[in-house]
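# Inside the fold
Read off the chains here:
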Amino acid sequence: MTQLIGIPKESFPGEKRVATVPDVVQKLAKLGFSVAVQAGAGEAASIGDDAYRAAGATIVPDAPTLWSRADIVFKVRAPSREEVNLLREGATLVSFIWPAQNPELLQALAARKATVLAMDSVPRISRAQKLDALSSMANIGGYRAVIEAAHEFGRFFTGQITAAGKVPPAKVFVIGAGVAGLAAIGAASGLGAIVRANDTRAEVGDQIKSLGAEFVPVDYVEEGSGTGGYAKVMSEGFQKAQREVFAKQARDVDIIITTALIPGKPAPKLITAEMVQSMKPGSVIVDMAAEQGGNCELTEPGKVAVKHGVIIIGYTDLPSRLPTQASNLYATNLFRLSEELCKAKDGRFDVNMDDEVIRGTTVVKEGVVTWPPPAPKLSAAPAGAAPPKPAAKAAAPEKKGHGHGGGEPMSAAATAAIFGVAAVLFALIGAYAPMAFLGHFTVFVLACFVGYMVVWNVTPSLHTPLMSVTNAISSIIIIGALVQIAPPAIAAVLPDGARPDEVIRWLAVVGIALTAVNMFGGFAVTRRMLSMFRK
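Residues numbered from 1 in each chain as written. Predicted model: local features only at pLDDT ≥ 70, side-chain atom pairs only at ≥ 80, totals over all residues. Heavy atoms only, no water.

### Things to note about the overall build of the protein
Condition: Numbered from the N terminus, helices here are DSSP runs of H or I no shorter than four residues, and strands are runs of E no shorter than two. A 1.4 Å probe and the Shrake-Rupley method give the accessible areas. Residues count as covered only by the protein chains that appear here.
Secondary structure assignment for the protein yields 17 helices and 17 strands. A total of about 29400 Å² of accessible surface is found on the protein, and carbon and sulfur atoms cover 61% of it.

### So, the sheet that holds strand β12 (residues 255-258)
How we decide: A strand pair is defined by DSSP finding two or more bridges across the two strands.
Spatially, β11-β10-β9-β12-β13-β15-β14 is the arrangement adopted by the seven strands of the open sheet, whose pairing is mixed. The sheet terminates laterally at β11 (214-215) and β14 (304-307), the two strands that pair on one side only. Of the pairings in the sheet, the one linking β14 to strand β15 (residues 310-313) comprises four bridges and is antiparallel in character. Counterpart to Lys307 in the pairing with β15 is Val310.

### Comments concerning the confidence of the model for the protein
Low pLDDT means the predicted atomic positions in that stretch should not be read closely. Basically, it comes down to this: Values of pLDDT, which run from 0 to 100, indicate the predictor's confidence residue by residue. Any two residues having at least one pair of non-hydrogen atoms within 4.5 Å are treated as being in contact.
In the predicted model, the protein carries a mean pLDDT of 84, and 78% of its residues have values of at least 70. Here residues 379-407 is a poorly scored stretch, pLDDT under 50, and it has four contacts once near neighbours within four places are set aside; other chains count.

### Looking at helix α11 (residues 323-341)
Quick note on the threshold: Residue count minus one, scaled by 1.5 Å, sets the expected span of a helix.
Compared with the 27 Å implied by 1.5 Å per residue over 19 residues, the 26 Å span of α11 between its first and last C-alpha is a close match. At its buried positions, α11 is contacted by α1 (22-30), β4 (72-74), β5 (92-95), β6 (115-118), α6 (133-152) and α12 (356-361).

### Re the nonpolar core
Threshold: What makes a nonpolar core is a set of buried Ala, Val, Leu, Ile, Met, Phe, Trp, Tyr and Cys residues whose side-chain atoms join them at distances within 4.5 Å. Burial here depends on accessible area, computed with a 1.4 Å probe over protein chains only, as a share of the maximum for the residue type. Under 20% is buried, over 50% is exposed, and the range in between is partly exposed.
Counting 45 residues, the largest nonpolar core has Phe74, Met119 and Tyr330 as its most contacted members. Mapped onto this core, the elements with two or more residues apiece are β1 (4-7), α1, β2 (34-38), α2 (49-55), β4, α6, α11 and α12. Broken down by element, this core gets its largest block of residues, seven residues, from α11. The contact partners of Phe74, leaving out residues within four places of it in the chain, are Ile5, Gly6, Ile7, Pro8, Ala19, Leu28, Val94, Leu334, Ser338 and Phe349. Core analysis: the next-biggest nonpolar cluster, separate from the first, contains 31 residues, Val172, Ala184, Ala188 and Met288 among them.

### Re the sheet that holds β6
In a beta sheet, neighbouring strands pair by backbone hydrogen bonds and run either parallel or antiparallel. Read across the open sheet, the eight strands follow the order β3-β2-β1-β4-β5-β6-β16-β17; overall the sheet is mixed. In this open sheet, the two edge strands, each paired with only one partner strand, are β3 (58-60) and β17 (368-369). As judged from the three bridges shared by β4 and β5, these two strands associate in the parallel manner. Considered in β5, the bridge of Ile72 is made with Thr92.

### Describing the packing of aromatic side chains
The description of an aromatic ring pair rests on the distance of the ring centres and on the angle between the ring planes. Threshold: Here a pair means two rings of Phe, Tyr or Trp (six-membered ring of Trp) with centres within 6.5 Å. Their orientation is stacked below 30 degrees between planes, edge-to-face above 60, and tilted elsewhere. For a lysine, the NZ atom is tested; for an arginine, the CZ atom; a charge sits over a ring if that atom is within 6 Å of the ring centre and within 35 degrees of the ring normal.
Taken as a whole and assessed by the stated rule, the structure comprises six aromatic pairs. Centre to centre, the rings of Phe33 and Phe349 are 5.3 Å apart; their planes meet at 80°, and the pair counts as edge-to-face. With Phe33 in the loop between α1 and β2 and Phe349 in the loop between α11 and α12, this residue pair connects regions lying 316 residues apart in the sequence. Judged by relative accessible area, which is 4%, Phe33 ranks as buried. Relative to Trp98, the ring of Phe96 has its centre 6.1 Å away and its plane inclined at 15°; by these criteria the two rings are stacked. Trp98 sits in the partly exposed class, given a relative accessible area of 29%. Clustering of aromatic rings is evident, with ring pairs tying together Phe96, Trp98 and Tyr330. Arg77 extends its terminal NZ or CZ atom over the ring of Phe12, reaching a point 4.1 Å from the ring centre. Sitting over the face of the ring of Tyr315, Arg321 holds its NZ or CZ atom 3.6 Å from the ring centroid.

### So, the packing of α6 against α11
Our working rule: Lines fitted to the C-alpha atoms define the axes, with helices restricted to the stretch that makes contact. Angles between their N-to-C directions range from 0 to 180 degrees. Note that the term roughly parallel is reserved for angles under 35 degrees, roughly antiparallel for angles over 145, roughly perpendicular for angles of 65 to 115, and oblique for everything else. In this scheme, a crossing is called left-handed if the near helix is turned counterclockwise away from the far one by less than a right angle; it is called right-handed if the turn is clockwise. Under the grouping applied here, Gly and all other residues not named as nonpolar or charged are polar, the nonpolar ones being Ala, Val, Leu, Ile, Met, Phe, Trp, Tyr, Cys and Pro and the charged ones Asp, Glu, Lys and Arg.
Where α6 contacts α11, the axes come no closer than 9 Å and their chain directions differ by 165°. When the axis of α6 is compared with that of α11, the two are roughly antiparallel. The two elements α6 and α11 cross, and the hand of that crossing is right-handed. Judged by residue contacts, Ala133, Ser136, Met137 and Ile140 of α6 engage Gln325, Ala326, Leu329, Tyr330 and Asn333 from α11. The class makeup of the residues in the contact of α6 with α11 is six nonpolar, three polar and no charged.

### A short note on the pairing of strand β16 (residues 362-365)
In terms of strand pairing, β6 meets β16 through two bridges, oriented antiparallel. The residue of β16 that forms the bridge with Leu117 is Thr362. Where β16 lies against β17, two bridges are found, and the strand directions are antiparallel. Note that in β17 the partner of Val364 across the bridge is Val369. Hairpin connection, β16 to β17: the antiparallel pair is bridged by two residues, and Glu366 has positive phi, about 50°.

Below is the structure:
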């Protein structure tokens, strides 16, 4: 029997997102599920009940009816206590949960013998990127943060020179270059601002520069990468040097956007009251970590506050302020998770705890709290780890005759012998071959050498377009070789009465036809390859 997925209307005040959209309803149906949507669930995201009906969903009039019928519930926000009480015993819930911050919620859901998958606990590994709702929402939040800053800021972002005077560009400083930070950098750069950014992870410096921003480092050597792609808590020495950098930027910039979060802990305080006081009147701070306490000491979560003439935006619903886009991306994340849980396409979830992604996402399994999950497997040994012990050396294969076995490098004596034999052959060719042959042979050897240097001594990323060009060049070389074929050489192997001139002519025609395709195709491919790297 197939399971029913229920989509309730979000009860959190001001939440405009919805857990699925009509396009995804149709995809869930192909997996074998039936879908029920609470009436009005998508109205705030500009999705009417009729659109859900047209996609094949059933519209349920109220929340108690939906929660009591659904085998699986898809939500955006963590459920309230009232919603937990409405959840069917033994049902499955998929939503944001924040288990580290909500241990009581986990216990309440476990008491309902529920299975709970937390979208905020999806492992940050390559295979799980399509399920990563945190990144999807952070991307929207970073973009929206810049829009909110532009709304509150009293000037243009881009610089202008007009008849009425010169307008300097706004200066934006982004703290944290994760998904949200990079989205904010891209949006601010697109609006024409001068953008600077900082992150504890030095490896993201190139990403910051690629978006047109300046990377502002901290003059203190310490590795800032934590597990799962997050930053870690830094030492007191680093934090002191970091505060000095932030204080200098606060005095100079117009807008600060903070994105720093550490999983399972309150947001670190990076912008002090003294830094806020040093900023120019009319400056703006957008604290994207407000929901977890805020990166600024003066942030008021959920509100816009003005302190010391600085506007501090502490909204906790930035993704919800773009509800249609956010709902589409979140619904896609849930569908990808459903694909992983319903590989048989029989309309039933199979929560396989042997799967690393599913195990990391599951926080309650059939009434048993399974959070926190085991540490994710690392793709490479961390720095400082003991090197792996070398495997026992395999028995060397039996050598036959004088052959070289086991893949060992050629000895100096063998190399010298090969070069000696080659030298004798060349000497014999030079002594007995005609002069015309020697000329062609010399050109052939030089062509091989030049070809080797041209093709192999370049950056591997350029091999494809380079090979296309060399194919075109080789086409011309082949035609030239056909033209220079000596008729007597062919006549010696042809039957009596054949005309070497006609054979050469037709060979040349075929060669021109084939190599013309190669030549023009090579240049066409090269042109298309190079156009991919142009804006």
